[in-house]
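Secondary and tertiary structure notes
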Amino acid sequence: MAHRIGVVGGDGIGPEVVAEALMVLDATGVEVELTDYDLGAHRYLEDGTVLPEETLEEWRGLDAILLGAVGDPAPGQAAPPGLVERGILLKMRFEMDQYINLRPFRLTDRVDFEVIRENTEGTYAGEGGFLRKGTPHEIATQGSVNTRMGVERCIRFAFERAMATERRQLHLVHKKNVLTFAGDLWQRTFDEVAVDYPDVSTGYDHIDAACIHFVERPERYDVIVTDNLFGDILTDLGGAVAGGVGFAASANLNPDRVGPSMFEPVHGTAPDIVGEQKANPVAAIVSLGLMLEHLGETEAAEAGAAACADPERHTGTTSEIGDAIAAEVTNA
Ligand code: IPM
Ligand code: MN
């Protein structure tokens, strides 16, 4: 049966890179039924639409969503800061319980690791509030929510990923020396789950130290598991050390498949280069590969990954890169 895929090009360079990814998808020959959704900041500025309830309900029946980028569409054009990011991206993560954010980084033998970021809890859960707002005695709190269930399912997923790599190595990254409650729960859960995976070698690094390791000795890492905010920050750095954010792909996964998973390049809308054929479509195409992997289209995913890995196909205009990768996939 054809996979039902929702496509959101979104804003800025989003539609340009998604067009290339769709061309590669076509080249794989995988059977899909695509539905296009006109959403993003441009749409909000047009008619106030962010993510209608009917659309959300429709999406529950899809197999996956491929998303370009949502946010500032072009220089001088902007929705209220964070509105569409929260209203589409974060909303989907929570509504579809996409509790894993998987971000692989592969550049050389030294830079070859993936980060499993918890995607529905921590500081992103939105716990907190204001007291006496706007007065000199104002208080703002921002809590971090860490549930045993949420932490454990994320850590289990990470151990499973580590089992599938050659090195079978998993590091927990946190800040348990200071975040003594959340860090304690994460480490205890990690240690307990580790008992079920005797073949995986484990380690722990503080988040600040992990930043240094990323730059100075990235070969230290195979699979990393970390909390939502640490993962957000660490994966931007991951992009930077793995050739630039133009190569950074991500999957927002619901591994239990009770809702669709969502696949997107990490780079955002890049309004300064819209329409100039300067956007690198590789991140979007690698995200497509993650989608194919999730859909069980292993052969197509591998063909896409192999075509993306060759540096010869990393330079040129947006469509030159897309064409070269699609041609390679067709030949595979
Ligand atoms: C990301 C982004 C989002 C996040 C923003 C746009 C809400 O930075 O996917 O990493 O913070 O998770
Ligand atoms: Mn981010």
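Coordinates for the structure precede this section.
Description of the structure in this document. (Residues numbered from 1 in each chain as written. Chains lettered and ligands numbered in written order. Predicted model: local features only at pLDDT ≥ 70, side-chain atom pairs only at ≥ 80, totals over all residues. Heavy atoms only, no water.)

A look at the overall build of the protein chain
Which entries qualify depends on this criterion: In DSSP terms, a helix is any run of H or I states spanning at least four residues, a strand is any run of E spanning at least two, and both are numbered starting from the N terminus. Atoms counted for the radius of gyration: C-alpha only. Globule rule: 2.2 Å times residue count to the power 0.38. Under the scheme applied here, a residue whose accessible area is under 20% of the maximum for its type counts as buried, over 50% as exposed, and between as partly exposed, the area being computed with a 1.4 Å probe on protein chains only. Any pair of residues with heavy atoms lying within 4.5 Å of one another is described as a contacting pair. To be clear on the numbers: accessible area is Shrake-Rupley with a 1.4 Å probe, and residue cover counts the displayed protein chains and nothing else.
Along the protein chain, the regular secondary structure elements total 11 helices and 12 strands. Relative to the compact-globule value of 20 Å for 332 residues, the protein chain shows a C-alpha radius of gyration of 20 Å, a close match. Overall size of the protein chain, expressed as C-alpha extent along the three principal axes, is 55 × 50 × 40 Å. Every one of the 332 residues in the protein chain was classed for burial, and the buried ones make up 52%. Long-range pairs, those at least 24 residues apart, make up 72% of the contacts in the protein chain between residues at least 6 apart in sequence. For the protein chain, the computed accessible surface area is about 14700 Å², with 52% contributed by carbon and sulfur atoms.

Some remarks on the packing of helix H5 (residues 148-163) against helix H6 (residues 182-194)
Note the following rule: Comment: axis = line fitted to C-alpha atoms, over the contacting stretch for helices; angle = value between 0 and 180 degrees taken between N-to-C directions. Convention used here: angles under 35 degrees read as roughly parallel, angles over 145 as roughly antiparallel, angles from 65 to 115 as roughly perpendicular, and any remaining angle as oblique. For any helix crossing, the convention is left-handed if the near helix is rotated counterclockwise from the far helix by under a right angle, and right-handed if that rotation is clockwise. In the scheme used here, Gly and all other residues not listed as nonpolar or charged are polar, with Ala, Val, Leu, Ile, Met, Phe, Trp, Tyr, Cys and Pro taken as nonpolar and Asp, Glu, Lys and Arg as charged.
Look at H5 against H6: their axes get within 9 Å of each other, and the N-to-C directions meet at 45 degrees. Judged by the angle between their axes, H5 and H6 are oblique. Between H5 and H6 lies a crossing of right-handed hand. Across from Arg148, Val151, Glu152, Cys154, Ile155, Arg156 and Phe159 in H5, the residues of H6 making contact are Leu185, Trp186, Thr189, Phe190, Glu192, Val193 and Ala194. Here the residues of the contact of H5 with H6 sort into nine nonpolar, one polar and four charged.

Quick notes on the nonpolar core
Which entries qualify depends on this criterion: To qualify as a nonpolar core, a set must consist of buried Ala, Val, Leu, Ile, Met, Phe, Trp, Tyr and Cys residues joined through side-chain atoms within 4.5 Å.
With 56 residues, the main nonpolar core has Ile116, Phe159, Leu170, Val225 and Ile325 as its most contacted residues. Excluding residues within four positions of it along the chain, isoleucine 325 makes contact with Val24, Val282, Ile285, Ala307, Cys308 and Arg313. Counting residues in hydrophobic clusters, the runner-up holds 19 residues, among them Ile65, Val84, Leu89 and Met92.

Notes on the packing of aromatic side chains
Here is the rule we go by: Working definition: a ring pair exists when centres of Phe, Tyr or Trp rings (six-membered ring for Trp) sit within 6.5 Å. Plane angles under 30 degrees give stacked, over 60 give edge-to-face, the rest tilted. Only Lys NZ and Arg CZ are tested; either one counts as a charge over a ring when it is within 6 Å of the ring centre and within 35 degrees of the ring normal.
Taken as a whole and judged by the stated rule, the model has seven aromatic pairs. Where phenylalanine 159 meets tyrosine 197, the ring centres are 5.1 Å apart and the plane angle is 15 degrees; that geometry is what we call stacked. You can see phenylalanine 159 sitting in helix H5 and its partner tyrosine 197 sitting in the loop between H6 and strand S9 (201-206), a full 38 residues away along the chain. Assigned by exposure class, phenylalanine 159 and tyrosine 197 land together as buried. A centroid spacing of 5.6 Å and a plane angle of 65 degrees characterise the contact between phenylalanine 214 and tyrosine 221, whose relative ring orientation is edge-to-face. Given the relative accessible area of 0%, phenylalanine 214 is considered buried. Joined through ring pairs, the aromatic side chains of Phe105, Phe113, Phe214 and Tyr221 make up one cluster. Taking the ring centre of tyrosine 124 as reference, the NZ or CZ of arginine 117 above it sits at 5.1 Å. One residue, lysine 176, lies across the ring of tyrosine 204, its end atom 4.1 Å from the ring centre.

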